[in-house]
Amino acid sequence: MSGKRGVHRLRGARGGSVVSLAEREDGLRELMDDPDCDPVRLRRTLRRFWIVNHAVSRWGRIYRTQLRPALAAGSGRRRILDIGCGGGDVLRRLVRLARRDGFDVEGLGIDPDPVACAVAREGPRLPGVAFRKLGSRELAIAGERFDVVVSNHLLHHLDRASFDAVLVDSAALASRRSVHADIARNTTAYAAFAVFAAPVAPGTFLRIDGLRSIRRSYTRAELGARLPAGWRAEQPTAFRLLAVRDAAAVR
């Protein structure tokens, strides 16, 4: 469902104010995006992302349908870039999946936030996987190239200029495929997450920011309208959206 077709309203995260998901709330700010947010709660949030990502992000399916074919089209050592890598769990999972399939692969996770980079580096050590504090533009300017470029739950955080810049950088950095995965805004996702997140949320921003993330997220029609030429919006499941670009198709 997109646009104004079917105005849906739900109770807010604490059961108080009524929330409408009919339109994207791009002016709503997530607590973890505040540079002055509590660093202890931020660290806890980043460390628990793996629970949420494992439960809802569907990267196993995305790997099988989107990334494995792109990696198979290459040769030699493959490279995976994760933009806005957060705690690093998604990149580690993708590298493990690729190696299980026999690919010689290395991964780089980047995030401009120093706390995110620190948490990612503190995670389980995986040879060939590194995390750096920088943005995608710096890598693009340096002429770096990767077989696949990914992000997880990044696009809904970005303003219009940053959104466009990340896609431009992704196109420059990816030699085969870019896949930016995000949440599909709908009432079922909102209601389910409000319940699901409660046990793992204490001491973190997970529940509040997760619900705000859904309110800031796109429908497939909205995402498709925002993407530039050469990109396409896909919806592999009811709760997931993908912004996909195949480098070979736009040469």
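Everything that follows concerns the structure shown earlier in this document.
Calculation notes
- Residues numbered from 1 in each chain as written.
- Predicted model: local features only at pLDDT ≥ 70, side-chain atom pairs only at ≥ 80, totals over all residues.
- Heavy atoms only, no water.
- Helix = DSSP H or I, 4+ residues; strand = E, 2+ residues; numbered from the N terminus.
- Buried < 20%, exposed > 50% of the residue type's maximum accessible area, 1.4 Å probe, protein only.
- Pairing = 2+ DSSP bridges.
- Axes fitted to C-alpha atoms, helices over the stretch in contact; angles between N-to-C directions.
- Core = buried A, V, L, I, M, F, W, Y, C linked by side-chain atoms within 4.5 Å.
- Contact = heavy atoms within 4.5 Å.
- Polar contact = N/O pair within 3.5 Å; in protein donor to acceptor, adjacent residues only side chain to side chain.
- Phe/Tyr/Trp six-rings, centres within 6.5 Å; stacked < 30°, edge-to-face > 60°.
- Lys NZ or Arg CZ within 6 Å of the ring centre and 35° of its normal.

Undergrad: For this particular structure, what's the right way to read unusual backbone geometry?
TA: Apart from glycine, the bulk of residues carry a negative phi angle, and the bulk of peptide bonds sit in the trans form. At R58, a residue that is not glycine, the phi angle is positive and equals roughly 60°. Counting through the fold element by element, R58 comes out in the loop between α1 (39-56) and α2 (59-72). What makes R58 partly exposed here is its relative accessible area of 40%. Although it is not a glycine, H153 adopts a positive phi angle of roughly 55°. Relative to the elements of secondary structure, H153 occurs in the loop between β6 (146-152) and α6 (160-173).

Undergrad: Can you help me understand the sheet that holds β6 in this one?
TA: An order of β5-β4-β3-β6-β7-β9-β8 is seen for the 7 strands of this open sheet, with the pairing classed as mixed. Of all strands in the sheet, those bounded by a partner on one side alone are β5 (129-132) and β8 (231-237). Neighbour to neighbour, the strand axes of the sheet diverge by 20° on average, direction disregarded. As paired elements, strand β4 (residues 105-110) and β5 share 4 bridges and run parallel to each other.

Undergrad: Teacher, can you tell me more about the nonpolar core here?
TA: Grouped burial of nonpolar side chains is what soluble globular proteins tend to show. Formed by 26 residues in total, the largest nonpolar core has its most connected members in W59, Y63, L67, L71, I80 and L94. Among the elements of the structure, α2, α3 (89-100), β5, β6, β7 (174-183) and β9 (240-246) are those that each provide at least two residues to this core. Discounting chain neighbours no more than four positions away, the residues touching I80 are L71, L91, L94, V105, E106, G107, L108, F146 and V148.

Undergrad: Is there a simple way to think about the environment of S178 in this case?
TA: Within the element layout of this structure, S178 appears in strand β7. Taking C-alpha positions, S178 is 8.8 Å from L67, a pair spaced 111 residues apart along the chain. A distance of 3.5 Å separates a polar side-chain atom of S178 from the backbone oxygen of S170.

Undergrad: Hey, could you run me through the packing of aromatic side chains in this one?
TA: Geometry of an aromatic ring pair is reported as the spacing of the ring centres plus the angle between the planes. The tally for this structure, following the rule as stated, stands at 2 aromatic pairs. Taking the ring centre of Y218 as reference, the NZ or CZ of R24 above it sits at 4.2 Å. Stacked on the ring of F146, the Lys or Arg R79 has its end atom at 4.2 Å from the ring centre.

Undergrad: Would you explain the pairing of β9 in this entry?
TA: Every other side chain in a regular strand lies on the same face of the sheet, so the side chains alternate between the two faces. Along β9, 7 of the 7 residues are buried, which leaves the element largely enclosed by surrounding structure. Here β9 shows no split at all, with R240, L242, V244 and D246 on one side and L241, A243 and R245 on the other all buried. Hairpin connection between β8 and β9: a loop of 2 residues separates the two successive antiparallel strands.

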